[in-house]
Amino acid sequence: MGARVITITSGKGGVGKTTATANLAVALANLGKKVVCIDADIGLRNLDIVMGLENRIVYDLVDVVEGRCKLRQALVKDKRVPDLYLLPAAQTRDKTAISPQDMVMLTSQLRNECDFILIDSPAGIEWGFRNALAPADEVIIITNPEASAVRDADRIIGLVEAEPRKVPISLVINRAKADMIRKGDMLSVNDVLDILSTPLLGVIPEDEQIIVSSNKGSPLTLDNQKGPAAEAFRDIARRITGAKVPIAELGEKRGGFLRRLGRLFRRSGA
Amino acid sequence: MTSLFDRFKGRREPTSAEIAKERLKLVLVSDRSDLSPEKLQELQTELIQVIKRYIHIDEMEVQIKFEQRDRKNYLVADIPLQRDRSYALATDDDTPPSETPPAPSQTPVTEEQPEDETMGIDAE
């Protein structure tokens, strides 16, 4: 099959890497793809709890690398969708328990078994990030429209670009608030793109349902749920599979249809 | 450096998003280049000294800054030349325009009316 290995990273913590990994994995599986997601955040595993699979873990990534089990035994199958598996991180070890070479070996064993391997990278730019980056065919950078997150994204983009092998990078802007952007109190999508000059893969609006879904361990993309974030994640999944899905504008100051219409009315009313 | 703020000066206060964008652009210059604002100032001073040995420039108007196009950074120098009509006559005497760095305030105005021609140096 020859899976695509996509690493999801950000530099800064708390921008939504794990949420994005879980939701994209489920959305891709719902599109009929066979997906394995790997939690590369050794010692701080979270993908399992966001996906709602935390009670079914027997073995983890480090067990596989150190030969205590077969890779197949460590994969936790998500029974709510056709073909989705989680390879959990070890919780009681630290990042140095595995090396970038281990990650390359591990993914190469999986490449012929599935369509997509999504790697949830830890925050930071050190060992854990290096592990997550090593096997990547593509990198998705998650950022928020916020100065600190954009700065860290810039750093990560620089590091990925400095890799000897060319790894395509795309950007997902998470937690965008249309009303704040409209008021000029949040960097707009175009502002972030001006600064980062990286192809945009999608924009996820801020959505309280994200918290609800992680409370329940049930990603928003699971059962065709409605809502801005769920729909944005599904759109991104379709773009990943090559579909041309336009990216909706979010609170941009110029050009929005409703806004232009609003301006027209205001002008004629005055 | 002041472009955005200047543009809005007198018109309205910049929004917080505009402030964020401007601050980010500035901080990313040093993040990406490993060059602090002080070092950049030093570079500017030295560059002016070198160029002055060859050509009349309007020192006060020299601007050296980083610019980003796509994901490449460029060091861009805007160096306005002084068109000095008497200079054309004086060329056979090989001395540079001024040996000592003049105090900034003395440089332009007096005799030569600077008509700006801009010499741009782009270097990655």
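Residues numbered from 1 in each chain as written. Chains lettered and ligands numbered in written order. Predicted model: local features only at pLDDT ≥ 70, side-chain atom pairs only at ≥ 80, totals over all residues.

Student: Explain the overall build of chain A to me, and be specific about the residues and the numbers.
Tutor: Within chain A, the secondary structure is distributed over 12 helices and 8 strands. Reported as C-alpha extents along the three principal axes, the dimensions of chain A are approximately 75 × 40 × 35 Å. Taken across its 270 residues, chain A has 49% of its residues classed as buried. For chain A, the proportion of contacts with a sequence separation of at least 24, taken over those separated by at least 6, is 77%. (Helix = DSSP H or I, 4+ residues; strand = E, 2+ residues; numbered from the N terminus. Buried ≥ 20, exposed ≤ 12 C-beta atoms within 10 Å, placed from the backbone. Contact = placed C-beta atoms within 7 Å.)

Student: Give me the interface of chain B and chain A: which residues, what numbers.
Tutor: Contacts between chain B and chain A engage 15 residues on the former and 15 residues on the latter. Tallied by class, residues from the side of chain B that touches chain A come to 5 nonpolar, 2 polar and 8 charged. (Nonpolar A, V, L, I, M, F, W, Y, C, P; charged D, E, K, R; others polar.)

Student: Let's hear about the sheet that holds strand β4 (residues 84-87) of chain A: which residues, and what values?
Tutor: Residues and elements named next belong to chain A. What the 8 strands build is an open sheet, ordered β3-β4-β2-β5-β1-β6-β7-β8; its pairing is mixed. Edge strands, defined here as strands with exactly one partner in the open sheet, are β3 (76-78) and β8 (200-205). Here the strands of the sheet are splayed against their neighbours by 20 degrees on average, with no regard to which way each runs. The pairing of strand β1 (residues 4-9) with strand β6 (residues 138-143) spans 4 bridges and is parallel. (Pairing = 2+ DSSP bridges. Axes fitted to C-alpha atoms, helices over the stretch in contact; angles between N-to-C directions.)

Student: Got a sec to walk through the pairing of β4 of chain A? Specific residues and values, please.
Tutor: Residue and element names in this part refer to chain A. Residues Leu84 and Leu86 point to one face of β4 and Tyr85 and Leu87 to the other, with burial holding for every one of them. The pairing of strand β2 (residues 35-39) with β4 spans 4 bridges and is parallel. Among the inter-strand pairings, Val35 is bridged to a residue of β4, identified as Leu84. Sheet topology places β3 next to β4; 3 bridges connect them, and they run antiparallel. Residue pairing for β4: Asp78 is matched across the bridge by Leu84. The loop that links β3 with its antiparallel partner β4 comprises 5 residues.

Student: So, helix α5 (residues 100-110) of chain A: which residues are in play, and what are the values?
Tutor: Residue and element names in this part refer to chain A. Of the positions making up α5, those classed as buried are Met103, Leu106, Thr107 and Leu110. Projection of α5 onto a plane perpendicular to its axis shows the buried side chains occupying an angular sector of 95 degrees, all on one side. Residues of α5 that are exposed and point more than 90 degrees away from the buried face comprise Gln101, Ser108 and Gln109. (Arc of directions from axis to C-beta.)

Student: So what's going on with the domain arrangement of chain B? Which residues, and what values?
Tutor: Interface extent is often summarised as the accessible area lost during association of the parts. Taken domain by domain, chain B comprises domain 1 (1-34) and domain 2 (36-123). Here the side of domain 1 of chain B that touches domain 2 of chain B is built from residues that sort into 2 nonpolar, 2 polar and 1 charged. (Domains from an automatic or database assignment.)

Student: Quick one: what's the story with the nonpolar core, residue by residue and with numbers?
Tutor: Soluble globular proteins tend to bury their nonpolar side chains together. Residue and element names in this part refer to chain A. Membership of the largest hydrophobic core comes to 91 residues, with the highest contact counts inside it found for Ala25, Val35, Val36, Leu61, Ile117, Leu118 and Phe233. Considering each element in turn, this core owes the most residues, 8 residues, to helix α1 (residues 17-30). If we skip the residues at most four places from it in the chain, Ala25 touches Val35, Cys37, Leu84 and Leu118. (Core = buried A, V, L, I, M, F, W, Y, C linked by C-beta atoms within 7 Å.)

Student: Before we move on, could you go through the environment of Asp154 of chain A and cite the residues and values that matter?
Tutor: By secondary structure assignment, the location of Asp154 of chain A is in helix α7 (residues 147-161). Given 23 C-beta atoms within a 10 Å radius, Asp154 of chain A is considered buried. Beyond its immediate sequence surroundings of up to four residues, Asp154 of chain A is in contact with Ile195 and Leu196 of chain A together with Leu28 and Asp31 of chain B.

Student: Any details on the environment of Leu84 of chain A? Residues and values, ideally.
Tutor: Residues and elements named next belong to chain A. Here Leu84 lies in strand β4. Here the alpha-carbon distance between Leu84 and Val160, two residues 76 residues apart in the chain, equals 27 Å. Leu84 has contacts with Ala25, Val26, Ala29, Val35 and Asp78, leaving out every residue within four places of it along the chain.

Student: Help me get a handle on unusual backbone geometry, residues and values and all.
Tutor: Across the chain, the bulk of peptide bonds are trans and the bulk of non-glycine residues have phi less than zero. Residues and elements named next belong to chain A. At Arg175, a residue that is not glycine, the phi angle is positive and equals roughly 65 degrees. Tracing the chain through its elements places Arg175 in strand β7 (residues 169-176). Phi at Asn224 takes a positive value of approximately 40 degrees, unusual for a residue other than glycine. Topologically, Asn224 is positioned in the loop between α10 (209-216) and α11 (228-240). Residue Asn224 is classed as exposed on the basis of its C-beta count, with 10 C-beta atoms lying within 10 Å.

Student: Can you tell me about the confidence of the model for chain A, naming the residues and giving the values?
Tutor: Averaged over every residue, the pLDDT of chain A is 92; residues scoring 70 or more account for 93%. Residue range residues 266-270 of chain A is modelled with pLDDT below 50. Its contacts to residues more than four positions away, or to other chains, number 0 contacts. (pLDDT = per-residue confidence, 0-100.)

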